[in-house]
Structures are given as C-alpha cells and as structure tokens.
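Structural characterization, general
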Amino acid sequence: MGFKDLKKKKWFSILTNMYVLVLTVFVIWMLFFDTNSLLIHLELKKEIQKLEKQQEFLKDEIANDKKILKKLSDPEELEKFAREQYFLKKKDEEIYLIEYEDSLKIKEKK
C-alpha cells in the first residue's frame, strides 16, 4: 500500500484537508485552552447557581428580620424580647433562670 493508495482513500483526504485541521485545532483550543473555555463556563455556571441559592436564603432572612423589626416596634413586644433574649430586668426585680438537666450540654468524661 503506497502513498498513492492512501491519497485515494476518502477518510485520508478529509483528515489532511487544511480546513478540517484548522477547525479541529480551533475547537480543541476553544474547549480547553482559551480563557473563555467550556470548562471555565461550567465552573462559572456552578458558582452562579451557588450564589443564587445564597441570594434566596438571604432574601428569606431579610423578610424574617423585617417581620421581627415590625414586631419590635411595639414597646410591649420590645420589652418581652429584651427580657427573653438578654435577660434584662426592671428595677427592684430579680430574675431566676431555671435550666433543666436535659437542656444542659454536659461534656462526657473519657
């Protein structure tokens, strides 16, 4: 099988065509080596999805905080919140904190 026989084969002529070679190199370059390659696009797409999830979470948190702020605009609710969360008290008042055994975090000795 000589060089002339190879030249006559259809697949050999297609693979050695200059346009096919240039197009193949271009596609490989764009998929893997370019600064805007397909791999980078996939990574950026994952990052965008992650940030969109975080955005939804933060929107929910903002809505929750707005509800709390609206609730705390009432002086009675503000006082209730301060007493429950920060254990604040009025003058001449004593507060006793009762902790149940099952609510305490006890470290086990090894």
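The following paragraphs examine the structure supplied in this document.

1. Let's talk about unusual backbone geometry
Despite not being glycine, Asp92 has its phi angle at roughly 55°, a positive value. For Asp92, the position within the fold is in the segment after helix H5 (75-86). A residue is classified by how much of its surface remains accessible, and Asp92, at 86% relative accessible area, is exposed.

2. Observations concerning the packing of aromatic side chains
Overall, the coordinates contain two aromatic pairs when judged by the stated rule. Relative to Phe33, the ring of Trp29 has its centre 5.7 Å away and its plane inclined at 40°; by these criteria the two rings are tilted. One end of the pair is Trp29 and the other is Phe33, both in helix H3 (residues 18-33) and four residues apart, which spans about a single turn. A centroid spacing of 6.1 Å and a plane angle of 75° characterise the contact between Phe81 and Tyr86, whose relative ring orientation is edge-to-face. Judged by relative accessible area, which is 30%, Phe81 ranks as partly exposed.

3. Regarding a negative patch on the surface
A contiguous patch of negative charge on the surface is contributed by Glu52, Glu56, Asp60, Glu61 and Asp65. Inspection of the secondary structure assignment puts Asp65 in helix H4 (residues 38-72). Residue Asp65 is classed as partly exposed on the basis of its relative accessible area of 41%.

Rules behind the numbers
- Residues numbered from 1 in each chain as written.
- Predicted model: local features only at pLDDT ≥ 70, side-chain atom pairs only at ≥ 80, totals over all residues.
- Heavy atoms only, no water.
- Helix = DSSP H or I, 4+ residues; strand = E, 2+ residues; numbered from the N terminus.
- Buried < 20%, exposed > 50% of the residue type's maximum accessible area, 1.4 Å probe, protein only.
- Phe/Tyr/Trp six-rings, centres within 6.5 Å; stacked < 30°, edge-to-face > 60°.
- Patch = residues over 30% accessible without salt bridge, like charges linked within 9 Å, V, L, I, M, F, W, Y side chains within 5 Å.
- Areas by Shrake-Rupley, 256 points an atom, 1.4 Å probe, with all protein chains shown as cover.
- Salt bridge = Lys/Arg side-chain N within 4 Å of Asp/Glu carboxyl O.
- Lys, Arg positive; Asp, Glu negative; His and termini not counted.
- Charge placed at Lys NZ, Arg CZ, Asp CG, Glu CD.

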